[in-house]
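The primary structure of each chain is shown beneath.
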Amino acid sequence: MKPEVTANTGTANLAAPATKGLPAATASGLAPAAPAPAPPKEPEVPANREEIQGNLYTNYTHGFRMYKAPSWSLIEEARGALPNAIVAMGTSNESTLMVVGEEKTKEPLDAAAAAVEKRLHDVYANYQRLSERKTTVGGMPAVEYKYRGKADDHDWSGRLVVIARGKDMFTVLAMTYADSDLIQIQENVIARAVTSMDFNVH
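First things first, this report covers the structure right here in the doc. By convention here, each chain's residues receive numbers from 1 onward along its written sequence. Owing to the predicted nature of the model, reporting of local features is limited to residues with pLDDT of at least 70; listing and counting of side-chain atom pairs is limited to 80 or more, with chain, interface and lining totals taken over all residues. Calculated side-chain values reflect all of the structure's heavy atoms, with hydrogen atoms and water omitted.

## Describing the overall build of the protein chain
No. 1: In DSSP terms, a helix is any run of H or I states spanning at least four residues, a strand is any run of E spanning at least two, and both are numbered starting from the N terminus. For the protein chain, the helix and strand inventory stands at four helices and ten strands.
No. 2: Counting from the amino terminus, the protein chain carries its helices and strands in the arrangement α-β-β-β-β-α-β-β-α-β-β-β-β-α.
No. 3: The contact criterion used is simple: two residues touch if any of their non-hydrogen atoms lie within 4.5 Å. Taking contacts inside the protein chain between residues at least 6 apart in sequence as the whole, the part at least 24 apart equals 54%.

Written out as structure tokens, the structure reads:
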């Protein structure tokens, strides 16, 4: 059986701070303990058409573009290990990481955002929500959380933004080492990337 994370896991694992810290079950797929009936065949996932021009990342498949810091690069293994992830980018040592995911849900924005934020409690030790606010990103309604927590022997400063675009929810999870002298710079870069998101891509 080809290892893969099933789509119904939602964005639970989007909160993983870095690919190195992902649980083995996440990276290798969730194998059932007992034989289960074969699930219905999933529709083919479209190829992820994306490009980088200078400091601009564009994803044509999912219809958005955003700022990419010069020091960031695409991190393919992070995208492949996380369910519903569209793109993962960050610094080469993964001290700063941003993952954008998309999922379909029938939940309204507030409920969907609260469900994703609740999962962060399971990923980080000493999880602490610093703020929650309603905002707009790329003209779309959004809920933004800022938090701190410990994982993989590091303190992390994170930002979770859940954006409603029609029936789709975009989840932007960005984090950086809180125990680094560069925290303020990286937090500013993350803020710029989030606010730059533009959904007028065809």
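## A look at the packing of aromatic side chains
No. 1: Only centres within 6.5 Å qualify two rings of Phe, Tyr or Trp (six-membered ring in Trp) as a pair; their planes then separate them into stacked at under 30 degrees, edge-to-face at over 60, and tilted for everything else. Within the structure shown, the criterion is met by six aromatic pairs.
No. 2: On the basis of an interplanar angle of 35 degrees and a centroid distance of 5.5 Å, the ring pair of Tyr127 and Tyr147 is categorised as tilted. Residue Tyr127 is found in strand β7 (residues 125-137), and its partner Tyr147 is found in strand β8 (residues 140-151); the two are separated by 20 residues along the sequence. Taken as a pair, Tyr127 and Tyr147 share a single burial class, namely buried.
No. 3: Here the aromatic rings of Trp156 and Tyr177 are separated by 4.9 Å at their centres, their planes lie at 75 degrees, and the arrangement is edge-to-face. Here Tyr177 lies in strand β10 (residues 168-177) and Trp156 lies in strand β9 (residues 154-165), a separation of 21 residues in the sequence. An identical accessibility class is assigned to Trp156 and Tyr177; each is buried.
No. 4: Chaining the aromatic ring pairs together yields one cluster made of Tyr57, Phe64, Phe170 and Phe199.
No. 5: In this structure, Arg192 packs its charged tip against the face of Tyr67, placed 3.8 Å from the ring centre. Under the scheme applied here, a residue whose accessible area is under 20% of the maximum for its type counts as buried, over 50% as exposed, and between as partly exposed, the area being computed with a 1.4 Å probe on protein chains only. Two thresholds decide whether a charge sits over a ring: the Lys NZ or Arg CZ must be within 6 Å of the ring centre and within 35 degrees of the ring normal.

## What about the pattern of salt bridges?
No. 1: Salt bridge, as applied in this entry: a Lys or Arg side-chain nitrogen positioned within 4 Å of an Asp or Glu carboxyl oxygen. This structure, assessed with the given rule, holds six salt bridges.
No. 2: Close ionic contact of Asp198 with Arg65 constitutes a salt bridge, the shortest N to O distance being 3.2 Å. Taken together, the residues Asp198 in the segment after α4 (183-195) and Arg65 in strand β3 (residues 64-67) connect sequence positions 133 residues apart.
No. 3: The class for Asp198 is partly exposed, based on a relative accessible area of 23%.
No. 4: Classification of Arg65 as partly exposed rests on a relative accessible area of 25%.
No. 5: Ionic contacts of the salt-bridge type, sharing partners, join the residues Glu117, Arg129 and Glu132 into one network.

## Let's talk about the layout of surface pockets
No. 1: If you add up the space inside the second largest pocket, you get close to 150 Å³.
No. 2: For this classification, the nonpolar set comprises Ala, Val, Leu, Ile, Met, Phe, Trp, Tyr, Cys and Pro, the charged set comprises Asp, Glu, Lys and Arg, and every other residue, Gly included, is treated as polar. Across the lining of the second largest pocket, the residue classes break down as five nonpolar, three polar and four charged. In this analysis the probe radius is 1.4 Å and the grid spacing 1 Å, with only protein atoms considered; a cavity is a set of points the probe fits into but cannot get out of, a pocket is an open set with protein on both sides within 12 Å along at least five of seven lines, and lining residues have an atom within 4 Å of a point. Grid points are joined across faces, edges and corners, and a volume is the space filled by probe spheres set on the points.

## Section: the sheet that holds β10
No. 1: A pair of strands is treated as paired once DSSP finds two or more bridges between them. With respect to topology, seven strands assemble into an open sheet ordered β4-β5-β6-β10-β9-β8-β7, the strand pairing being antiparallel. If you trace the sheet from one side to the other, it starts and ends with β4 (73-74) and β7, each paired once.
No. 2: Inspection of the sheet shows strand β5 (residues 85-90) paired to strand β6 (residues 96-104) by five bridges, in the antiparallel sense. Across the sheet, Ala85 pairs through a bridge with Gly101, a residue of β6.
No. 3: This element, helix α3 (residues 109-123), spans β7, β8, β9 and β10 of the sheet and lies at about 10 degrees to β8. For helices, the fitted axis covers only the stretch in contact; all axes are lines through C-alpha atoms, and the angles between them, taken along N-to-C directions, range from 0 to 180 degrees.

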